[in-house]
Amino acid sequence: LELMGGEGQVGYDVAGSDCVLAIGADILESWGPAIANRNAFAASKAHGEEAEVTFMYAGAVQTNTAVACGRDNWIAIKPGTEAIFALGVAGELFKAGASGDAGLQALKTVADKLSVAKVVEATGCSADDIKKVAEALAGASSPLVIAGSAFSQGAGAANAMMGIALNMLLGNVNKPGGMTIIPEAEKG
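Residues numbered from 1 in each chain as written. Predicted model: local features only at pLDDT ≥ 70, side-chain atom pairs only at ≥ 80, totals over all residues. Heavy atoms only, no water.

A.B. asks: What is the right way to look at the side chain of Ser17 in this model?
C.D. replies: Tracing the backbone shows Ser17 in the loop between β1 (9-12) and β2 (19-23). Looking at Ser17, its side chain comes within polar contact range of the main-chain oxygen of Cys19, at 3.0 Å. Beyond its immediate chain neighbours, meaning those up to four positions away, Ser17 contacts Val53, Ser142, Pro143, Leu144 and Gly177. (Helix = DSSP H or I, 4+ residues; strand = E, 2+ residues; numbered from the N terminus. Polar contact = N/O pair within 3.5 Å; in protein donor to acceptor, adjacent residues only side chain to side chain. Contact = heavy atoms within 4.5 Å.)

A.B. asks: Which parts of the structure should I look at to understand the sheet that holds strand β4 (residues 74-76)?
C.D. replies: In a beta sheet, neighbouring strands are held together by backbone hydrogen bonds and run either parallel or antiparallel to one another. Strand order in the open sheet formed by four strands is β4-β3-β2-β5, and the pairing between neighbours is parallel. In the strand order of this sheet, the two ends are held by β4 and β5 (143-147), each with one partner. Neighbour-to-neighbour, the strand axes of this sheet turn through a mean angle of 15 degrees, independent of strand direction. With five bridges connecting them, β2 and strand β3 (residues 54-59) associate as parallel partners. Following the sheet pairing, Cys19 is matched in β3 by Thr54. On top of the sheet, helix α6 (residues 127-139) reaches β2, β3, β4 and β5; it is set at about 140 degrees to β2, its chief contact. (Pairing = 2+ DSSP bridges. Axes fitted to C-alpha atoms, helices over the stretch in contact; angles between N-to-C directions.)

A.B. asks: I keep staring at the confidence of the model for the protein and nothing clicks. Help me out?
C.D. replies: Low pLDDT marks regions whose predicted coordinates should not be analysed in detail. Looking at the protein, pLDDT values average 89 and 95% of them are 70 or higher. When pLDDT is averaged over each element of the protein, α6 comes out on top at 97 and helix α1 (residues 34-44) at the bottom at 88. (pLDDT = per-residue confidence, 0-100.)

A.B. asks: What am I meant to see in the layout of surface pockets here?
C.D. replies: A probe matching the size of a water molecule, rolled over the atoms, marks out where space remains unfilled. When its volume is computed, the largest pocket comes out at roughly 180 Å³. Lining the largest pocket are Met4, Ala83, Leu87, Gly103, Leu104, Ala106, Leu107, Val110, Met161, Met162 and Ala165. Those elements that provide at least two residues to the lining of the largest pocket are α3 (82-95), α4 (105-113) and α7 (157-169). (1 Å grid on protein atoms, 1.4 Å probe; cavity = no way out; pocket = protein on both sides within 12 Å on 5 of 7 lines; lining within 4 Å. Points joined across faces, edges and corners; volume = space filled by probe spheres on them.)

A.B. asks: I keep staring at the pairing of β3 and nothing clicks. Help me out?
C.D. replies: If a strand is regular, its side chains alternate between the two faces of the sheet. Of all six residues in β3, five are buried; the element is thus mostly enclosed. With three bridges connecting them, β3 and β4 associate as parallel partners. Directly across from Ala58, in β4, lies its bridge partner Ile75. Crossover connection from β3 via helix α2 (residues 64-69) to parallel β4: handedness right-handed. (Buried < 20%, exposed > 50% of the residue type's maximum accessible area, 1.4 Å probe, protein only. Right-handed = clockwise from strand over helix to strand, strands pointing away.)

In structure tokens:
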């Protein structure tokens, strides 16, 4: 967040979202507030009823998070390609008319130059997977993207920045069900 000119800490309202995309972040296992994330996941999938929330996972390993998201919502990508996958999703969102704010113009320029074919080649997923994820996020009223890395190794700056940028592009920052920027506590 600081590298992008922001201040504070990033938080995520998984319980308030209707579409959660975890990119490399094993949100139902060891990433972040896993118990709160599991509770939100369980609450969204009442026994015997249709799921109220879409959970999607893009990552290299079929983790418990990937399994919980289901066969249709686990997008297998090559290790270390989380940021490229996110950039491919951003490109599809821009094509569909998302604009975010003026601060995302540089991201649009980069996304416009990166073809879906190059994203597919780099990540190993399909073009249909990228489009499906972008459509699900665009169609949600409270979409949320959480970017991390597998095995709790910590995400590189590119992964984290792309997750923040996708939330900005989706217009769900500091809104229920989205990414929250929590101000730093005053020193005293």
